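An overview of the molecular structure
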Amino acid sequence: MSLVGPRLDRPSAIGEEGRPRAASLRIATLAVIVVGIAAGTAVGDPSIIATLGTVAGLTVAGLALLERSSFVQLVVGHAFLVTFGSAFVLFVLVGPFGGRNMIVLVGLTIALFGMAAAWADVDADGLKRGGLGTLLTFGSMIAFGVVAVVVAALSMFGLGLLSSLTGASSAIASAGGILVVVAVTGCVLALSLRWLPLRQLTPRSKRPALEARLDSATRGLFGAVVGSLLLLFVSAMAWLAGVFDRLLVAVPGLESALVALSSPLLVWPPVAVGGCTLLVGLGSLLLGRLTRHTDQKRWMAAVVVGFAIVVAAFGIALLVLAGIITARPELFFLPVSVGPLAIVLVVLGPLAFLLLVAVLLAGVALDVVPNRAFGPAIAAAGLVVAAIGLAGSQPPVAVACLGAAVVAWDVSTYGLGLTAELGHRPRTRRLELLYGLASILVAGVVVALAVGLEFVRSGVFADVGSPAAIVVAGLGVLFLLVPLRG
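Residues numbered from 1 in each chain as written. Predicted model: local features only at pLDDT ≥ 70, side-chain atom pairs only at ≥ 80, totals over all residues. Heavy atoms only, no water.

Some details on the packing of aromatic side chains
- Inspection of every chain in the model, using the stated rule, returns three aromatic pairs.
- Residues phenylalanine 80 and phenylalanine 84 carry aromatic rings whose centres are separated by 5.7 Å and whose planes lie at 80 degrees to one another, so their mutual orientation is edge-to-face. Separated by four residues within a single helix, phenylalanine 80 and phenylalanine 84 lie in helix H3 (residues 71-94), roughly one turn from each other.
- With a relative accessible area of 29%, phenylalanine 84 lands in the partly exposed category. (Phe/Tyr/Trp six-rings, centres within 6.5 Å; stacked < 30°, edge-to-face > 60°. Helix = DSSP H or I, 4+ residues; strand = E, 2+ residues; numbered from the N terminus. Buried < 20%, exposed > 50% of the residue type's maximum accessible area, 1.4 Å probe, protein only.)

Encoded structure:
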């Protein structure tokens, strides 16, 4: 999501206490971006803010999309939270251990996240939705992973049985095996015909005829199942009584015909048809049951994202296995090299995101983080973190970060006041620009004063240690707070 792009919230015209007025937010965003570029230059990469802004913005886009009712938008929102949200949180938690430059980058990322949250009007309710959605996605990933392992084990067992069946050399094993295949396939097809969305895809005028044909097909399939089971029982009794062996001797060519029943050409087609029909039928049944209402759509979208991640993981695992079996390293070099990072992202990332949501919600509940001004408060806090990382090496840029933090907070809260009183429809652009210009001018004067003080310190008081830089930064904030809030 672009920080100044199309809005993801849906504001009312009058009386909404949510997102600040657009002009105020543009000024605050501009202040954050300008000092972000300066801080990026100070750490050696002026364009790093684009990468950080992409991660933070798409995280907020995921939170904002969870307010929508469209199933596709909900799926995209959950996918953004599990991927970009996990990357954002892990970077924020792990980054400070990488040194002062990483602290600066973490602070900029938090600031960009806060401004994006202000644009999208993300509040405590949005955080709750994001946390619940992430929890459902993570839980569905675990559940589908366990189911996938069990299904894979059963599939391997079933393939072993089918391989034994197709390689059977005795008549009784061949006949019994093909009867079991027919019975199981008939049950699967009879159930799947009721689960497939055939009625929904048929015009209303033709649905009675379709129902009659489905009833006939179901009765025929169950008849085939019952007949196969009866033949299997009779064959087993005859084999136990010794009648089956005498029958094979008495009827020439009967044994060869029964052995031919276990041919792969006769075994694999019904198994493939039954397996595919069962998968499609179960998928249609689950989607139909779980997407009837809006609330079900919301958590079903999280389940779909978890399922997609598990499918992707198993696809990568199969690719690695194929590369190992065929001795082709190019097939598994990239998955093996990227795999550990992806595992950390999709396994530890959601847990870290839930921890961050819990901390922010606790802050809102304790009034440490203002719910109405959630985005501007987070943005200002992020710039303060960036200033802490820059205070020892780049005091002027640190003061600029602190000044931008107060400007972003002051202008945004002013815009919030206008929104609460007037809504979004009245034209207040000139009023916002005048107030924003006054804040920026005061901040500019204070930053210039702080830079002058630092120049004096480094020239006249050159023997003073680096803690003086932090004192100068704090002095700049005091000078800025007095005219703005005094």
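As for helix H4 (residues 100-120)
- With 21 residues, H4 should reach 30 Å at 1.5 Å per residue; the first-to-last C-alpha distance of 30 Å fits that figure.
- Note on H4: the residue one or two positions beyond its end, aspartate 121, has a positive phi of about 60 degrees. (Expected span 1.5 Å × (residues − 1).)

Some details on unusual backbone geometry
- For aspartate 121, which is not a glycine, the phi torsion comes out positive at approximately 60 degrees.
- On the accessibility criterion, aspartate 121 (19% relative accessible area) is buried.

A word on the environment of alanine 183
- Assignment of secondary structure puts alanine 183 in helix H6 (residues 171-195).
- Residue alanine 183 is classed as buried on the basis of its relative accessible area, which comes to 7%.
- Once the C-alpha coordinates of alanine 183 and glycine 227 are considered, the two residues, 44 residues apart in sequence, prove to be 8.4 Å apart.
- Alanine 183 has contacts with Val225, Ser228 and Leu229, leaving out every residue within four places of it along the chain. (Contact = heavy atoms within 4.5 Å.)

Quick look at H3
- If you check H3, its first and last C-alpha atoms are 34 Å apart, about what 24 residues at 1.5 Å a residue would give, namely 34 Å.
- At glycine 85, H3 shows its strongest bend, of approximately 35 degrees.
- Three or more residues of H3 are buried, namely Leu74, Gly77, His78, Leu81, Val82, Gly85, Ser86, Phe88, Val89, Leu90 and Val92. (Bend = angle between axes of the 7 residues up to and from the residue.)

Regarding the pattern of salt bridges
- One pass over the structure, following the stated rule, counts one salt bridge.
- Measuring nitrogen to oxygen at the nearest pair gives 3.0 Å for the salt bridge that ties arginine 129 to glutamate 67. One end of the pair, arginine 129, is in helix H5 (residues 124-166); the other, glutamate 67, is in the loop between helix H2 (48-65) and H3, with 62 residues separating them in the sequence.
- Judged by its relative accessible area of 29%, arginine 129 falls in the partly exposed class. (Salt bridge = Lys/Arg side-chain N within 4 Å of Asp/Glu carboxyl O.)

Section: a nonpolar patch on the surface
- Taken together, the side chains of Leu93, Val94, Phe97, Leu355 and Val359 define a hydrophobic patch exposed on the protein surface, amounting to about 540 Å² of accessible area.
- Secondary-structure elements contributing two or more residues to the nonpolar patch are H3 and helix H12 (329-365).
- Assignment of secondary structure puts phenylalanine 97 in the loop between H3 and H4. (Patch = residues over 30% accessible without salt bridge, like charges linked within 9 Å, V, L, I, M, F, W, Y side chains within 5 Å. Areas by Shrake-Rupley, 256 points an atom, 1.4 Å probe, with all protein chains shown as cover.)

Points about the packing of H6 against helix H7 (residues 207-241)
- At a minimum axis distance of 9 Å, the contact between H6 and H7 shows a crossing angle of 155 degrees. In terms of axis orientation, H6 runs roughly antiparallel to H7. Every pair of crossing elements has a handedness; the one defined by H6 and H7 is left-handed.
- Each residue belonging to the contact of H6 with H7 can be placed in one class, and the counts come to 18 nonpolar, five polar and three charged. (Axes fitted to C-alpha atoms, helices over the stretch in contact; angles between N-to-C directions. Parallel < 35°, antiparallel > 145°, perpendicular 65-115°, else oblique. Left-handed = near helix turned anticlockwise from the far one by under 90°. Nonpolar A, V, L, I, M, F, W, Y, C, P; charged D, E, K, R; others polar.)

Things to note about the nonpolar core
- Grouped together as the largest cluster of nonpolar side chains are 65 residues, with contacts concentrated most on Phe113, Phe374, Leu383, Leu390 and Cys401.
- If you list the elements that add at least two residues to this core, you get helix H1 (22-42), H2, H3, H4, H5, H12, helix H13 (374-390) and helix H14 (395-422).
- Listed in part, the six residues of the second largest apolar core include Ala171, Ala238, Phe244 and Leu248. (Core = buried A, V, L, I, M, F, W, Y, C linked by side-chain atoms within 4.5 Å.)

Quick notes on the confidence of the model for the protein chain
- The share of residues in the protein chain with pLDDT of 70 or more is 79%, and the mean pLDDT across the chain is 77.
- In this model residues 12-16 is a low-confidence stretch, pLDDT under 50, and it forms 16 contacts with partners more than four residues away in sequence or in other chains.
- Contacts from residues 461-465, a stretch scored under 50 in pLDDT, to residues over four places away or in other chains number four contacts. (pLDDT = per-residue confidence, 0-100.)

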